[in-house]
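# Overview (structure and organization)
Here is how the chains run, residue by residue.
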Amino acid sequence: MAPYTGLMSFSTPIRRCCNLLAALLVCIPVSGHAQMALSQCIETLQRELPRYPNVRPETFTTYTQEAQDLRPRIDKASSTQPEFELQIWDYLARLVDAERISDGQAVLAEQSSALARIAARYGVDPATVVAVLGVESDFGRLQGRHKVIDATLSRACLRLSNQERKAHFFAALWLAQQGFVKPDDFRGSWAGAFGMTQFMPGTHLQFMADGDGDGIIDTLGNMPDALATTANYLKGLGWTDGLPWAIEVSAPPGVTRQHDSSEREHNCLGKAQPSGKCRTLAQWAALGVRRVDGKSPADRQARWPSLESSTSAALLAPAGPDGPAWLLTKNFHAIWQYNRADSYALAIGQLSAALRGDPTQQTPWSNPDAALALSRAGFSQLQTMLRAAGQCAVAVDGYDGPSTREAIRAEEQRRGWSETGQPTILLLDKLRAEPFDSSGRCRTESAAQAVGANGAQQPAR
């Protein structure tokens, strides 16, 4: 395949990148031990170069000869992802807050022309793609600090039998080789996701799109390109124009217990016909499920022209029969596939609803712990208090991460509490009540050193 020149038409890169990804995915299984020396793993991967003809041997050598082994960092981070560690009300309180809604509205206004073109081309509404941008990188502010090639190499070396991980590593090499990214800028999450909307290299190759028509695709620094690539990806995951991501409902307790489809049980939404725990809206209505306004979920809504009584939906009640519930559509499933966590998809859905001016969540959480959930502002205050208490590895950035969790556990241990690592209002209030450390235990650490020390979590894709 001829190399890219860096200047291309809008329609060309998708076809060519699909061809490249297919070539990258044609690999033979290689067995290996997860903890072999990094140099040994690199030698093993180097022997696979003939299976990746688009990557030149000198490219492989250049980017692996001084690669950093991120496997310890990846092991630690993958076990503490907030999507799976936090209670869902804590996660949503931090991801769908007043600041993020305000910032998202500003992006909607600033990028209105680009978003209109993107919606017309891909059929994904502006609020949804902007919500992804907000949750993934706080509108471009938090894109990660790890070298993408090092991260994808390390993940591949953790599981050499995983063909997808290796394909992402070789795709990262190709992106750097072809000049799609500058080596110094090619940084992202510990998992290797990069750019404003955090794409893995192989996924980026398949779906990258030019959002402003300048012939250059840059999802690291160009917001229209990041938004267009996101919309293209969601469309590829089955997004349907004119369909809501979900309908908030109330359901009889017995129906909720029997049909709740939390985490992966809503995979039936990806099928052509309702099956498993999926039902049509008409069938849900017959089971006594109602919208929170009391109407049948099968009633037509003018603003959602693709929503019909025959539309397939799955019931999600993440806190059980006494909490909020939603009938999910295939658009929720498209969002879920972005990061494969219900809390993540709910955050995208609720933030997009807020950006459209729709209600976010009308039924409160029944669990009393929900009242202890910290907003992003409250979480930042907690980080400030933790640093004042001497936990200097914590950065005051409002983002969850292993350093903050370790600091919380240390404070819980000091107080004789159970060590949970969970940020709560109770701990914040206790820290507030203590005399502020005027001597500044962390004073010797500069603000520049503190930034990024928290290791804020990034989704793995």
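Conventions and cut-offs
Numbering of residues starts from 1 in every chain and runs along the sequence as written. For a predicted model such as this one, the threshold for reporting local features is a pLDDT of at least 70, and the threshold for listing and counting side-chain atom pairs is 80 or more; totals across whole chains, interfaces and linings nevertheless cover every residue. Only heavy atoms go into the side-chain values, all of them from the structure, while hydrogens and water stay out. When accessible area is computed with a 1.4 Å probe and restricted to protein chains, residues below 20% of their type maximum are described as buried, those above 50% as exposed, and intermediate ones as partly exposed. A run of DSSP states H or I qualifies as a helix once it reaches four residues; a run of E qualifies as a strand once it reaches two. Both are numbered from the N-terminal end. Centre distance within 6.5 Å is the pairing criterion for rings of Phe, Tyr and Trp, where only the six-membered ring of Trp is used; planes under 30 degrees apart are then read as stacked, over 60 as edge-to-face, and the remainder as tilted. Think of it as a cone above the ring: NZ of Lys or CZ of Arg counts as a charge over the ring if it is within 6 Å of the ring centre and within 35 degrees of the ring normal. Put simply, a salt bridge is a Lys or Arg side-chain nitrogen that is within 4 Å of an Asp or Glu carboxyl oxygen. Expected span of a helix, by definition, is 1.5 Å for each gap between consecutive residues, and there is one gap fewer than residues. Contacts are assigned to residue pairs with any non-hydrogen atoms lying within 4.5 Å of each other. For every residue, the pLDDT score states the predictor's confidence, bounded by 0 at the bottom and 100 at the top.

Attention now moves to helix α10 (residues 148-158). Across the 11 residues that make up α10, a large majority, 11, are buried. Residues of α10 that are buried include every one of V148, I149, D150, A151, T152, L153, S154, R155, A156, C157 and L158, and no others.

Any pair of aromatic rings gets described here by the distance separating the centres and the angle formed by the planes. Tallying each qualifying case throughout the model produces 14 aromatic pairs. Between F186 and F194 the ring centres are 5.1 Å apart and the planes differ by 90°, which places this aromatic pair in the edge-to-face class. Pairing Y233 with Y338 gives two aromatic rings, centres 5.3 Å apart and planes at 75°, and the pair type is edge-to-face. Note that Y233 is positioned in helix α13 (residues 223-236) and Y338 in helix α16 (residues 330-339), a separation of 105 residues in sequence. Judged on exposure class, the residue Y233 and its partner Y338 are both buried. Between R415 and the ring centre of W417, over which it is positioned, the NZ or CZ distance is 5.9 Å.

On to the pattern of salt bridges. Applying the stated criterion to the full structure yields 21 salt bridges. For D358, the salt bridge is made with R356, and the minimal N-O distance between the two is 3.5 Å. The class for D358 is buried, based on a relative accessible area of 18%. What you see here is one network of salt bridges that share partners, running through D97, E99, R100, D103, D138, R141 and R376.

Glancing now at helix α9 (residues 126-137). Each α-helix winds once per 3.6 residues, and so residues spaced three or four apart point in a common direction. In this model α9 runs 17 Å from its N-terminal to its C-terminal C-alpha over 12 residues, within 8% of the 16 Å that 1.5 Å per residue would give. Among the residues of α9, A127, T128, V129, V130, A131, V132, L133, G134, V135, E136 and S137 are the ones counted as buried. Elements in contact with the buried residues of α9: α6 (88-95), α7 (98-110), α8 (112-122), α13, α16 and α17 (342-356). One or two positions beyond α9, positive phi appears at D138, with a value near 50°.

Let us look at the confidence of the model for the protein chain. The share of residues in the protein chain with pLDDT of 70 or more is 85%, and the mean pLDDT across the chain is 87. A low-confidence stretch, residues 1-34 stays under pLDDT 50, and its non-local contacts, those more than four residues away or across chains, total 67 contacts. Considering only residues more than four positions removed or in separate chains, one finds that residues 444-461, a stretch of pLDDT under 50, has 65 contacts.

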